[in-house]
Amino acid sequence: MLFVHLEKALGDIRIDFGFESEKACVIALYGPSGSGKTSIISMIAGLMRPDSGKISLNGTTFFDSSARINLAPEERGIGYVFQDGKLFPHLTVRSNLEYGMRLVPRSRRNVGFDSVVNLLGIESLLHRRPARLSGGEKQRVAIGRALLTSPKLLLMDEPLASLDSDRKDEVLPFIKRLRESYNIPIIYVSHLPEEIASIADTVLVIKNGKLTASGGTELIQG
């Protein structure tokens, strides 16, 4: 069970947002730029503190303003894929992936290196450095690094925003496979209906920091 209720004043926008989900699925946050989507997942990740609210997953409370609980990002067990991948340029693909694994004690690792490499089709890239990767390859490696932290929840903040249409078509099938291969809830941020329509189970429509509609992908189609 994922439970989120957040309140936060951010300039002209006041975020007042909440939802809950009982199963591991792909939850899309959909709305125009500036609607608060990235701020919401930053609060879930622990990178930004809400003014009030509660965030919990499967009985573990990450944040609760009334109980004065606020776990640090590294204590939440959340994987985060940024828009530009944020790979370490001086490390090979293998070392970037292993960096994610080293963030987690061996006793808590439940995602295997080889399974992630095979799922994302990046075996031939392991000895390259990021400068020698295409945009789509960089994002696949970034997804792999996040998965290898054995996350309880995966956050994806417009991970295809910097890619052209061909590279998006390259990466989307791999994101679809995450849902099938790992029992991990995913929160996927985008303002593009075609992306969300192809991967999401649930759509949460956000406007000016508030949830205005929730349901299936029919909310954003036609």
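Here the structure is a predicted model, which means the values were calculated and not measured.

What follows is about the packing of helix 5 (residues 135-147) against helix 6 (residues 165-181). When two helices pack together, you describe them by how their axes are tilted relative to each other and by the distance separating the axes. Taken N-terminus to C-terminus, the directions of helix 5 and helix 6 make an angle of 20°; their axes are 9 Å apart at the nearest point. Considering the angle they form, helix 5 stands roughly parallel to helix 6. In this structure, helix 5 meets helix 6 at a crossing whose hand is right-handed. In this structure, helix 5 contributes Gly-136, Glu-137, Arg-140, Ile-143 and Leu-147 to the contact, and helix 6 contributes Arg-167, Glu-170, Val-171, Phe-174, Ile-175 and Leu-178. When the residues that make up the contact of helix 5 with helix 6 are grouped by side-chain class, the tally is 6 nonpolar, 1 polar and 4 charged.

Bringing the environment of Asn-183 into the picture now. Summarising the element assignment, Asn-183 is placed in the loop between helix 6 and strand 9 (186-190). Expressed as a C-alpha distance, the spacing of Asn-183 and Ser-42, which sit 141 residues apart in the sequence, is 22 Å.

Counting 43 residues, the largest nonpolar core has Leu-97, Ile-143, Leu-147, Leu-154, Met-156, Ile-175 and Leu-178 as the members making the most contacts within it. Look past the residues within four positions of Leu-154 in its chain and what remains in contact with it is Gly-79, Tyr-80, Val-81, Ala-146, Leu-147, Leu-178, Ile-184, Pro-185, Ile-186 and Ile-187. Residues Ile-15, Phe-17, Met-43 and Ile-78 belong to the second largest nonpolar core, which totals 26 residues.

Quick look at the environment of Ile-69 now. In this structure, Ile-69 sits in strand 6 (residues 69-70). C-alpha of Ile-69 to C-alpha of Glu-137: the two residues are 68 residues apart in sequence and 38 Å apart in space. In this structure, Ile-69 is in contact with Thr-61, Phe-62, Phe-63 and Asp-64, ignoring residues within four places of it in sequence.

Next up on the list: the pattern of salt bridges. Pairs may arise between side chains of opposite charge once their charged atoms sit close together. For the structure on display, the rule yields 6 salt bridges. Its salt-bridge partner being Lys-8, residue Asp-51 comes within 3.7 Å of it at the nearest N-O pair. In this pair, Asp-51 sits in the loop between helix 1 (37-45) and strand 4 (52-57) while Lys-8 sits in strand 1 (residues 2-10), placing the two residues 43 residues apart along the sequence. Residue class for Asp-51 comes out partly exposed when judged on its relative accessible area of 42%. The residue Glu-137 makes a salt bridge to Arg-128 at a minimum N-O spacing of 3.7 Å.

It is worth spelling out the environment of Ser-56 at this point. Tracing the backbone shows Ser-56 in strand 4. By relative accessible area, Ser-56 is classed as buried at 12%. Separated by 143 residues in sequence, Ser-56 and Ile-199 have C-alpha atoms that sit 24 Å apart. When residues no more than four places from it in sequence are discounted, the contact partners of Ser-56 are Met-1, Leu-2, Phe-3, Thr-61 and Phe-62.

Considered as a void within the structure, the largest pocket measures approximately 770 Å³ in volume. Looking at the largest pocket, it is lined by 29 residues, and the ones nearest its centre are Ile-78, Gly-79, Tyr-80, Leu-103 and Thr-149. Counting residues per element, the ones that place at least two in the lining of the largest pocket are helix 2 (73-76), strand 7 (78-81), helix 3 (93-102) and helix 5. Element by element, the count of residues in the lining of the largest pocket is highest for strand 7, at 4 residues. A per-class count over the lining of the largest pocket returns 17 nonpolar, 7 polar and 5 charged.

Residues that lie three or four places apart on an α-helix share one face, since the helix turns once every 3.6 residues. If you check helix 6, its first and last C-alpha atoms are 25 Å apart, about what 17 residues at 1.5 Å a residue would give, namely 24 Å. When we look at burial in helix 6, the residues that qualify are Lys-168, Val-171, Leu-172, Phe-174, Ile-175 and Leu-178. Looking at the buried residues of helix 6, the elements they touch are helix 4 (113-120), helix 5, strand 8 (153-157), strand 9 and helix 7 (193-199). With a side-chain oxygen lying 3.2 Å from the backbone nitrogen of Asp-166, the N-terminal cap of helix 6 falls on Asp-164.

Attention shifts here to helix 1. Most of helix 1 is tucked away, with 8 of its 9 residues classed as buried. Of all the residues in helix 1, the buried ones are Lys-37, Ser-39, Ile-40, Ile-41, Ser-42, Met-43, Ile-44 and Ala-45. Gly-46 lies just past helix 1 and shows a positive phi near 95°.

The rules behind the values
- Numbers given to residues run from 1 along each chain, matching the order in which its sequence is written.
- Selection of residues for local features in this predicted model requires a pLDDT of at least 70, selection of side-chain atom pairs for listing and counting requires 80 or more, and totals for whole chains, interfaces and linings are taken over all residues.
- As a rule here, side-chain values cover all heavy atoms of the structure and leave hydrogens and water aside.
- Inter-axis angles, ranging from 0 to 180 degrees, are taken between N-to-C directions of lines fitted to C-alpha atoms, where helices are fitted over the stretch in contact.
- The helix count covers DSSP runs of H or I at least four residues long, the strand count covers runs of E at least two residues long, and both are numbered beginning at the N terminus.
- Angles are sorted into four bins: roughly parallel if under 35 degrees, roughly antiparallel if over 145, roughly perpendicular if 65 to 115, and oblique for all others.
- Crossing handedness is defined as follows: a turn of the near helix away from the far one that is anticlockwise and smaller than a right angle gives a left-handed crossing, while the clockwise case is right-handed.
- Any pair of residues with heavy atoms lying within 4.5 Å of one another is described as a contacting pair.
- Three residue categories are used. Nonpolar comprises Ala, Val, Leu, Ile, Met, Phe, Trp, Tyr, Cys and Pro, charged comprises Asp, Glu, Lys and Arg, and polar comprises the others, including Gly.
- Nonpolar core, defined: a set of buried Ala, Val, Leu, Ile, Met, Phe, Trp, Tyr and Cys residues in which side-chain atoms within 4.5 Å join the residues together.
- When accessible area is computed with a 1.4 Å probe and restricted to protein chains, residues below 20% of their type maximum are described as buried, those above 50% as exposed, and intermediate ones as partly exposed.
- A carboxyl oxygen of Asp or Glu within 4 Å of a side-chain nitrogen of Lys or Arg is what we treat as a salt bridge.
- The distinction between a cavity and a pocket rests on a 1 Å grid over the protein atoms alone: a 1.4 Å probe fits inside a cavity but cannot get out, while a pocket stays open yet meets protein on both sides within 12 Å along at least five of seven lines, and a residue with an atom within 4 Å of a point counts as lining.
- Grid points are joined across faces, edges and corners, and a volume is the space filled by probe spheres set on the points.
- Expected helix span is computed as 1.5 Å times (number of residues minus one).
- We define a polar contact as two N or O atoms separated by no more than 3.5 Å, with the added condition that, inside protein, one atom must be a possible hydrogen donor and the other a possible acceptor, whereas residues neighbouring each other in sequence contribute only through side-chain atom pairs.

Purely geometric numbers; function is a separate question.
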